[in-house]
Amino acid sequence: MQGLYDTDKRKLLSILAHGSIFFSGLLVSVIVPAAILFAVEDPVVKQNAKEALNFHFNVWLYGILLIPLSFITFGLAGGIWFLVHWGLTIWAISQCLSNPNQGVHYPFIFRLL
């Protein structure tokens, strides 16, 4: 079943789904993985799109929780989360490039989908 799908297309769509988090300041960034989830039949790309959507929700949740804490810690809490969420996104993209036939699972997130 894995051989039926184009590997380059799989990589591109998976990277687009995960990379959309770089534009998470714009609330429309969640549209990219959602559109990929509903438009594509490839099960690995669908899994990556679902995981990217879950990661979006987690980034927003933790952002809401850490913004008030950042005022108390002089920005340290928000800065650490910023580095973690960008680092996890870069890690997910590298996983998609190195093993395109397997979906990526972010550690330490809540999965709503």
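One can find the structure itself at the top, above this paragraph.
Now for a quick tour of the structure. (Residues numbered from 1 in each chain as written. Predicted model: local features only at pLDDT ≥ 70, side-chain atom pairs only at ≥ 80, totals over all residues. Heavy atoms only, no water.)

1. Digging into the packing of helix 2 (residues 31-39) against helix 3 (residues 43-72)
Next, step 1: Interhelical geometry of helix 2 versus helix 3 gives an angle of 150° and a closest axis separation of 8 Å. What the angle tells us is that helix 2 and helix 3 run roughly antiparallel. At the point where helix 2 passes helix 3, the crossing takes the left-handed sense. Judged by residue contacts, Pro33, Ala34, Ile36 and Leu37 of helix 2 engage Val45, Lys46, Ala49, Lys50, Ala52, Leu53 and His56 from helix 3.
Next, step 2: Here the residues of the contact of helix 2 with helix 3 are counted per class, giving 8 nonpolar, 1 polar and 2 charged. (Axes fitted to C-alpha atoms, helices over the stretch in contact; angles between N-to-C directions. Helix = DSSP H or I, 4+ residues; strand = E, 2+ residues; numbered from the N terminus. Parallel < 35°, antiparallel > 145°, perpendicular 65-115°, else oblique. Left-handed = near helix turned anticlockwise from the far one by under 90°. Contact = heavy atoms within 4.5 Å. Nonpolar A, V, L, I, M, F, W, Y, C, P; charged D, E, K, R; others polar.)

2. Considerations on the packing of aromatic side chains
Next, step 1: In total, this model carries 7 aromatic pairs according to the counting rule given.
Next, step 2: Consider the rings of tyrosine 62 and tryptophan 81, whose centres lie 5.0 Å apart with planes at 65°: the pair is edge-to-face. Taken together, the positions of tyrosine 62 in helix 3 and tryptophan 81 in helix 4 (residues 76-98) put the pair 19 residues apart, joining distant regions of the chain.
Next, step 3: Among the residues examined, tryptophan 81 registers a relative accessible area of 15% and is labelled buried.
Next, step 4: Site record: aromatic cluster; members linked through ring pairs are Phe22, Phe82 and Trp86. (Phe/Tyr/Trp six-rings, centres within 6.5 Å; stacked < 30°, edge-to-face > 60°. Buried < 20%, exposed > 50% of the residue type's maximum accessible area, 1.4 Å probe, protein only.)

3. Considerations on the side chain of threonine 89
Next, step 1: Its location among the elements puts threonine 89 in helix 4.
Next, step 2: Under the relative-accessibility criterion, threonine 89 is labelled buried at 0%.
Next, step 3: Among the polar contacts made by the side chain of threonine 89, one reaches the main-chain carbonyl oxygen of histidine 85 at a distance of 2.8 Å.
Next, step 4: Excluding anything up to four places from it in sequence, threonine 89 contacts His18, Gly19, Ile21, Phe22, Phe55 and Tyr106. (Polar contact = N/O pair within 3.5 Å; in protein donor to acceptor, adjacent residues only side chain to side chain.)

4. Some remarks on the nonpolar core
Next, step 1: Counting 12 residues, the largest nonpolar core consists of Ile21, Phe55, Val59, Leu66, Ala77, Trp81, Leu88, Ala92, Cys96, Val104, Tyr106 and Ile109.
Next, step 2: Secondary-structure elements contributing two or more residues to this core are helix 3 and helix 4.
Next, step 3: The element that contributes the greatest number of residues to this core is helix 4, accounting for 5 residues.
Next, step 4: Residues in contact with isoleucine 109, not counting those within four places in the same chain, are Glu51, Asn54, Phe55 and Asn58. (Core = buried A, V, L, I, M, F, W, Y, C linked by side-chain atoms within 4.5 Å.)

5. Looking at the environment of glutamate 51
Next, step 1: As for its placement among the helices and strands, glutamate 51 is situated in helix 3.
Next, step 2: Placed 58 residues apart in sequence, glutamate 51 and isoleucine 109 show a C-alpha to C-alpha distance of 9.5 Å.
Next, step 3: If we ignore the near neighbours within four places in the chain, the residues touching glutamate 51 are His18, Val104, His105, Tyr106, Ile109 and Arg111.
Next, step 4: Within the local environment of glutamate 51, its side chain forms a polar contact with the backbone nitrogen of tyrosine 106, the two atoms lying 2.9 Å apart.
Next, step 5: A polar atom in the side chain of glutamate 51 sits 2.7 Å from the side chain of arginine 111.

6. Digging into the environment of alanine 52
Next, step 1: Summarising the element assignment, alanine 52 is placed in helix 3.
Next, step 2: Residues alanine 52 and threonine 73, 21 residues apart in the sequence, show an inter-C-alpha distance of 29 Å.
Next, step 3: Those residues in contact with alanine 52 that lie beyond four places of it in its chain are Ala17, His18 and Pro33.

In short, the description is geometric, and any link to function would need to be established separately.
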